[in-house]
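Here is what each chain is made of, one letter per residue.
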Amino acid sequence: MILYDFDYERPGTLQEAMSLLRNSGVDARLLAGGTDLLPNMRVQNLKPALLISLGAIAPMPPQAGEDGSIRIDALSRLADLENSDFIRREIPLLAESAHAVGGNQIRQSATLGGNLCQETRCLHLNQEHDYQFAAPCYKRGGDCCYPYPGNKPGSCWSVYMSDTAPALIALGAEVEILGEEGTRSVPAERLFSGNALTPLLIARSEMIRSLIVPAAPAGFGWGYHKSTLRGGLEFAMANMAVTLRLEDDGETCAAARIVVGAVSEGPLRASSAERKLVGKALTAELLSEAADDASDEINPLPHHGFTRNYLRENIRVYLRRTLTAALERASGGII
Amino acid sequence: MSELNFVGKSFKRKDGPDKVTGRAVYSEDVKLPGTLIGRILRSPHPHARIVGIDTSKARALPGVKGVITVEDTKGVKHGFVETPRYPADQEVLARGKVVHVGEEIAAVAAVDAITAQRALALIEVEYEILPAVFDAERAMDPSAPEIHPSHPKVKEEYANIGGKSEGGWGDVERGFAESHYVREDRFESQVRTHGYLESQVTLAHWEGDKLNVWTSSMGNFVKRAKLAKTLDLPYSAVRIHKTYVGGTFGGKIDLFSHEYCAARLSILTGRPVRIVASREEIFSAFRHAQPLIVEVKTGVKKDGTILAQQMRVINDAGAYRGSGVVVVFLAWGFTMAPYRCPNLKYEGFSVYTNYSVRAPQRGHGCPKVRFAIESQLDMIAEALGIDPIAIRLRNARQPGEELPNGDNVHNGNLPACIRMAAEKSELLKKYGQARKTPQTGHLRRGIGIGISAYFGGSLVYPNSSGVMVKMNDDGSAIVLTGAIDVGQGSETIIAQIVAEELAVGMDDVKLISSDTDATPQDIGAWVSGMTYITGNAARQAAGNAREKLIQVAAEQMKVPVEDLWVENKEVFNRRHPEQRMSYAQVFAASVATRRGDTIVGEGFWRTMRDEPTHPSLATTKGRWTENYAFSAQVAEVEVDIETGEAKLVKAYTVHDCGFPINPALVKGQVDGQVSMALGHAFLEEVLTKNGYTLNPNWLDYRMPTIHNMAASEDADVITEEYRVGQPYRTKEVGEGLVSGILAAMGNAVYDATGVRLYSTPFAPDRILDGLKKLQLKQAAEIRETTTEMQWSQP
Amino acid sequence: MNHLHSQAAEDAAGQAHNGSKRRSRCIALNINGELHEITVQPRKMLIEVIRETVGLTGTKGSCLSGTCGACTVLLSGRPVLSCITLAVECEGKEIRTVEDLAQGGKLNALQEAFLDQGAVQCGFCTPGMLMSATALLERHEKPSLAQIKKGLEGNLCRCTGYNAIVDAVLQVSDQGVLPVMK
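Every value quoted in this text rests on a predicted model; they were computed, and no experiment measured them.

Re the interface of chain B and chain A
Part 1: The interface is formed by 43 residues belonging to chain B together with 38 residues belonging to chain A.
Part 2: Around 3200 Å² of area is buried between chain B and chain A when both sides are counted, 53% of it from carbon and sulfur atoms.
Part 3: Contact with chain A buries area across many residues of chain B, yet B:E280, B:L699 and B:R702 alone supply 19% of it, more than any other trio.
Part 4: Taken together, the connections running from chain B to chain A amount to seven salt bridges.

Written out as structure tokens, the structure reads:
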């Protein structure tokens, strides 16, 4: 139940939707799957005066470009991506990450764009504020921080928990953003500000239109893992996506991306661990060292009952396993 | 006795079709025209004096029909326990001060939810913040903030003591002195919640002289008594209607403030009032289970025979007495029942803290007690070089044994449970493997055992159940029972018993249940006694109707009563089986010849019929029950030694529930308890900070999902012994099985990893920390041995 | 009556509070094959309309925040959470609730399997669980254990430990599990 009234529009085209978003003159939000927006409105973390539904606009099916890249409509439902034979074959990492989100009903409603645009989370935020944590915190436009009372205004350590974002970053996807001036395109990792108050570098008058995933090169391998206590339904304690590319010799690492999410204000790349791999023959020891480096490099925020030390350990172990899986895939061991 | 046709068989649930079609009516499904929406104003502070409450702005808001504070009540207190020693201690709305976050201060009724919400925001409360305390041991310190004065009869100079239980026999000091091996350990547990899917919902409608209530409950007669008392109404003016109930697990017994508020607001407004608690409210203001600190010291002989045991239990009982004093009383029972111990000393303190009030939860303290004792017993066995089965068999009580409190365990056969559990799980073959042989990979399997005893149907209000069986003139029957089916299957079981006794089909039995006006009084779905108490009342009522049918038939057929028996809705002559009368014929004859007697059978039952009252909560003296159900459970777990993640893979439950009226329903109870216990072991914890609840939702409070299900096998050890003769003796199976399996999981984690955990949950970081400490210890030992070797070299 | 009354009062209260009346919308919802024309504020969730306006109370609300699956209904074949789906979003779609499973007073095979296996205890998760299982079985004729777990992971059950629910799905998909109750 949402206990306040708002207006609702259901435009037939994207152009109308964008025009409403720009010209409504009130706090307006786009409504896609609603699985993140509506629960946030229920607890009044967000209180838009107008919802602009994208429900009348059907997503385009994934399309392969001439360069082998694949364009995915941001309005695609996560369930449709995880269940698409085409996506499972061409971008299995994306399918796997979509498969890891929430529960089945969430994936049936939620869209890929919406998953990227989700709000950050913190135990103090994820609830009604009637008598607990009633005074708004920084994130809710107030002037306190419950978990870190010493935090200064502008400083919020809530966590960005999209399961698909690390996958898209690891894949080197481009994000096509529709705005007043037409479309602009940014690499997926440039979508994130690192500031939990405004985690996405997208203006309120813009929307994510599509994701463009480059063709998988020869010698490509991937790995994905979402750590949870229960194996499903809940948000991640940490999630991680890695991609590797091997030289033609089948041993030497030509490129590596290691991305860890759900432990910070945005997804994090473990750049120094990536550098450690590039140009070297990939051995179990080297992957293990890289995982150690990445775990040291990434400074996880304690969140949702998990301590920083434990998150580090969890990331260390699962990155090693994820990198190992990626190497096996890259060298044709598993597909 | 003839073959059993209905009991002992897995009939489908009577309420099944209603529940799979959506027809089943739960409290929130009852719709009355003109219903107002009620909401509760709750305390934002853990401990504060209420300086003033101003409701005038809320009252003035259009659409608001009623606002109440404690000034609008009769000021009658209520409590989970109401005895001379522990009188009722809680008002229905806070008076003068609040003692926990979420405590009820005022309630509003408005035309809709938005207006009710706005009205709450318009109530002005001035608080004076008081210091608060959130740790039970700190709260006991005389310098701690006083939530309520300590109980006057508690001699120790502790603060905030709500109550104390003591028990024991023999001389523990002498026992320890005579022991070959003594050890002392301390165990702790987390706060867990019940996790009933159906929220707490109450609809109340005052009709001038009658209060009609539909509320999510596990004992309608208890609800009626407490509502009538706090509203100062006669019981006959309060009617709790039957609804289906979406899970309780202990969390819906007792009176809740919202139930009172809905009733009072309906009386004041003359309109129906519904209050639905949000999941956040249930988590942060309603009742959870009680976390215990258990300190246990045990002395044994060389062969593992327990000589002495001393227990000290501290219960963080929340801000009112709640069931806190009951838990520290029951913890004594859970300690003394399964094993013989010649010298035993027990003390348990129930301590006030600035948390919400605590409730019973399935097991009511037992899992925490058994976790402590069973973990320690494994440590003792290892120190003595005895296996975990042998040490348990050495100490387990035997059938027919009398307990020092005068109770007898009767047929209860714990040794048989232990032996069968060991055999089925091949525990002794598997135990220790992960620690003995060199292992590869990162997964370790471990196995462990835990045992438990539980009591069914103790004496609590209303102490007994009555059942009526009305014959219809077509030979079918209507059963009137106050029993409430909260999911356990009471309606099915009562129908099976009546069908058996009356020799009619399952479809010939219809139930009218859990309606305080229409049905006889019933103990309710708690204290683990429904199958035993209400089941036996149903057996008697049906038997009574059968006797009447036979009596009439005997007159009609001119055959002695002893020659007649019943089958297939007919009375027949055993000597001349072709001579028979249908129930319809007998009924008609009864009406015609016995002044219109329509054949109504009556039955009633109470536990320990010769005991005037329940045992003393303080001294634990007095008889407890005639129903001791024992169980032994084995867990196989898998632990990832790199991440510390652990899970239950398989559970074996061997129990002694007496005669299983419906084996598939028994299995359902077993599986559900295993699932709850694995949540306790690995997943669940209500996280709090300074009295505020951090995870009041099902994403952040981690109840088991389908991913966490474990294979679960069960067996009943002694069905045949309970079948012999009437009655088919039933005991308890709904609560006791959350306990042994919890302990078994702790012991299995140890078996897999060598890490002994003294606190639940067995979270990955705790297991990983344990493994690291173990590695450091092993490294130090290796260094020591190397140094020794160097020294010993010439 | 009650609904209209309460809605009018709500609008009045909203007007008083906001100074402007939010637009209610008139929509037609196809629920279990019946068309319901209703006037609804944009903020109303599908579950509120199904339960309060249309009066089909088989669909259960538990968390009302999209975390437990009790309110699952099928929306054009997809299992969705009616507690976090706006009713105004559902126009033109086929909504199926638990009331639609039994036809002509006869339980369907999935409902029977739930009863055969003891997959129902308190019954509160059951309607949502049945709808999720219906969607699962429409997608996979013989779902594997992994597919069952992914299909039902969004539905919490506190009573059964899930074992009997999995068995019910295996029974109805003819994968060698026989009824345990009669």
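What about the domain arrangement of chain C?
All names here are of chain C.
Part 1: Along its sequence, chain C is organised into domain 1 (2-100) and domain 2 (109-172).
Part 2: With 16 residues of domain 1 at the interface, the matching set in domain 2 holds 13 residues.
Part 3: Both sides of the domain 1 and domain 2 interface together cover about 1100 Å² of buried area, and 66% of this is carbon and sulfur.
Part 4: Applying the counting criterion to the domain 1 and domain 2 interface returns one salt bridge.
Part 5: Across the pair E138 and R96 runs a salt bridge whose closest N-O atoms are separated by 3.7 Å.
Part 6: At the junction of domain 1 and domain 2, the tally comes to three residue pairs in polar contact (both at pLDDT 80 or more).
Part 7: Ranked by residues supplied to the side of domain 1 that touches domain 2, first place goes to strand β3 (residues 72-75) with three residues.

A short note on helix α18 (residues 663-683) of chain B
Part 1: The terminal C-alpha atoms of α18(B) lie 29 Å apart, and with 21 residues this matches the ideal 30 Å at 1.5 Å per residue to within 8%.
Part 2: For α18(B), a buried count of 19 out of 21 residues is recorded, marking the element as mostly surrounded by other parts of the structure.

What about the domain arrangement of chain B?
Residue and element names in this part refer to chain B.
Part 1: As assigned here, chain B comprises domain 1 (16-23 + 460-556 + 583-606), domain 2 (32-130 + 207-248 + 252-269) and domain 3 (292-458 + 614-762).
Part 2: Between the C-alpha centres of domain 1 and domain 2 the distance comes to 35 Å.
Part 3: Of the roughly 1800 Å² buried between domain 1 and domain 2 on both sides combined, carbon and sulfur atoms contribute 55%.
Part 4: Summed over the shared surface of domain 1 and domain 2, the number is three salt bridges.

Re the packing of helix α3 (residues 109-117) of chain C against helix α4 (residues 126-139) of chain C
Residues and elements named next belong to chain C.
Part 1: Running from amino to carboxyl end, α3 crosses α4 at an angle of 125°, the nearest separation of the two axes being 10 Å. Our classification of the angle between α3 and α4 gives oblique. Pair α3 / α4 crosses with right-handed handedness. Taken together, the residues of α4 that come into contact with α3 (itself represented by L110, Q111 and F114) are T126, M129, L130, A133, T134 and L137.
Part 2: Classifying every residue of the contact of α3 with α4 by side-chain character gives six nonpolar, three polar and no charged.

Some remarks on the interface of chain C and chain B
Part 1: The interface is formed by 54 residues belonging to chain C together with 62 residues belonging to chain B.
Part 2: Area buried by chain C at its contact with chain B is led by C:Q121, C:R158 and C:K182, which between them contribute 18% of it.
Part 3: Our enumeration of links across chain C and chain B arrives at six salt bridges.
Part 4: B:D29 serves as the salt-bridge partner of C:K60, at 2.4 Å between the closest nitrogen and oxygen.
Part 5: Contributing elements (two or more residues each) for the side of chain C that touches chain B: α1 (2-18), α2 (46-53), α3, α4, α5 (145-152) and α6 (163-172) of chain C.
Part 6: Of all the elements, α1(C) adds the most residues to the side of chain C that touches chain B, at eight residues.
Part 7: Of the residues assigned to the side of chain C that touches chain B, the class counts are 24 nonpolar, 17 polar and 13 charged.

Focus: unusual backbone geometry
All names here are of chain B.
Part 1: Cis geometry is found at the peptide bond from Y461 to P462, where omega equals 0°.
Part 2: Residue position: P462 is located in the loop between β16 (443-455) and β17 (464-471).
Part 3: For V527, which is not a glycine, the phi torsion comes out positive at approximately 45°.
Part 4: Examined against the element boundaries, V527 turns out to sit in the loop between β19 (509-513) and α16 (530-557).
Part 5: A positive phi angle is found at K569, which is not glycine, with a value near 60°.
Part 6: Residue placement: K569 occurs in the loop between β20 (564-567) and β21 (570-573).

Some words on the side chain of A:N115
All names here are of chain A.
Part 1: By the secondary structure assignment, N115 is in helix α7 (residues 112-116).
Part 2: Classification of N115 as buried rests on a relative accessible area of 7%.
Part 3: Ignoring sequence-local partners within four residues, the contact set of N115 consists of L78, V101, Y160, S162, D163 and T164.

Quick word on the nonpolar core
Part 1: The biggest cluster of nonpolar side chains holds 191 residues, and the ones touching the most others in it are A:L277, B:V469, B:M471, B:L502, B:L648, B:F682 and B:M745.
Part 2: When residues in this core are grouped by element, the largest group, 14 residues, is from α16(B).
Part 3: Apart from residues no more than four positions distant in its own chain, B:M471 is found in contact with B:S476, B:A477, B:L502, B:A545, B:L549, B:Y583, B:F587, B:T598 and B:I599.
Part 4: In terms of nonpolar packing, the next biggest core, distinct from the first, is built from 72 residues, A:I72, A:A74, A:A170 and A:W222 among them.

Brief notes about the sheet that holds strand β10 (residues 211-215) of chain B
All names here are of chain B.
Part 1: Sheet architecture is open: seven strands sit in the order β3-β5-β1-β12-β9-β10-β11, paired in mixed fashion. The outermost strands of the open sheet, each flanked by one partner alone, are β3 (64-68) and β11 (238-240). Put simply, the sheet's adjacent strands are angled 20° from each other on average, direction ignored.
Part 2: In the packing of helix α6 (residues 220-231) onto the sheet, contacts are made with β10 and β11, and the angle to β11 comes to roughly 150°.
Part 3: Strands in contact with helix α7 (residues 257-269) are β1 (36-42), β3, β5 (104-110), β9 (201-206), β10 and β12 (273-276); relative to β9, the strand with the most contacts, it is inclined by about 25°.

Here's the deal with the packing of helix α9 (residues 324-336) of chain B against helix α10 (residues 366-384) of chain B
All names here are of chain B.
Part 1: For the pair α9 and α10, the least separation of the axes is 9 Å and the interaxial angle reads 40°. Taken together, the axes of α9 and α10 are oblique relative to one another. When the axes of α9 and α10 are compared, the crossing they make is right-handed. Only C366, V369, R370 and I373 of α10 make contact with α9, whose side of the interface consists of A331, F334 and T335.
Part 2: Residues of the contact of α9 with α10, tallied by class, amount to five nonpolar, one polar and one charged.

Some remarks on a negative patch on the surface
All names here are of chain A.
Part 1: Taken together, the side chains of E247, D248, D249 and E251 define an acidic patch exposed on the protein surface.
Part 2: Residue position: E251 is located in the loop between β10 (238-246) and β11 (253-261).
Part 3: Under the relative-accessibility criterion, E251 is labelled partly exposed at 48%.

Overview of the environment of B:K9
Part 1: Along the chain, B:K9 falls in the segment before α1 (16-21).
Part 2: Remark: the alpha-carbon pair of B:K9 and B:P660, spanning 651 residues in sequence, is separated by 8.3 Å.
Part 3: Each residue touching B:K9, except ones within four places of it in the same chain, is listed here: B:L4, B:Q496, B:I661, B:N662, B:P663 and C:K182.

As for the confidence of the model for chain C
Residues and elements named next belong to chain C.
Part 1: When pLDDT is averaged along chain C, the result is 91; 88% of the residues meet or exceed 70.
Part 2: Under a pLDDT of 50 for its full length, residues 1-21 has, in the predicted model, 32 contacts with residues more than four places off or in other chains.
Part 3: In the model output, the complex is listed with pTM 0.97 alongside ipTM 0.97.

Comments concerning the side chain of C:H36
All names here are of chain C.
Part 1: Mapped onto the elements of the fold, H36 is located in strand β2 (residues 34-40).
Part 2: Note on H36: relative accessible area 19%, which makes it buried.
Part 3: Every residue in contact with H36, bar those within four places of it in the chain, is listed here: I27, A28, L29, I31 and V54.

The rules behind these values
Residues numbered from 1 in each chain as written. Chains lettered and ligands numbered in written order. Predicted model: local features only at pLDDT ≥ 70, side-chain atom pairs only at ≥ 80, totals over all residues. Heavy atoms only, no water. Contact = heavy atoms within 4.5 Å. Buried area = accessible area lost by both parts, 1.4 Å probe. Salt bridge = Lys/Arg side-chain N within 4 Å of Asp/Glu carboxyl O. Domains from an automatic or database assignment. Polar contact = N/O pair within 3.5 Å; in protein donor to acceptor, adjacent residues only side chain to side chain. Helix = DSSP H or I, 4+ residues; strand = E, 2+ residues; numbered from the N terminus. Expected span 1.5 Å × (residues − 1). Buried < 20%, exposed > 50% of the residue type's maximum accessible area, 1.4 Å probe, protein only. Axes fitted to C-alpha atoms, helices over the stretch in contact; angles between N-to-C directions. Parallel < 35°, antiparallel > 145°, perpendicular 65-115°, else oblique. Left-handed = near helix turned anticlockwise from the far one by under 90°. Nonpolar A, V, L, I, M, F, W, Y, C, P; charged D, E, K, R; others polar. Core = buried A, V, L, I, M, F, W, Y, C linked by side-chain atoms within 4.5 Å. Pairing = 2+ DSSP bridges. Patch = residues over 30% accessible without salt bridge, like charges linked within 9 Å, V, L, I, M, F, W, Y side chains within 5 Å. Areas by Shrake-Rupley, 256 points an atom, 1.4 Å probe, with all protein chains shown as cover. Lys, Arg positive; Asp, Glu negative; His and termini not counted. Charge placed at Lys NZ, Arg CZ, Asp CG, Glu CD. pLDDT = per-residue confidence, 0-100.

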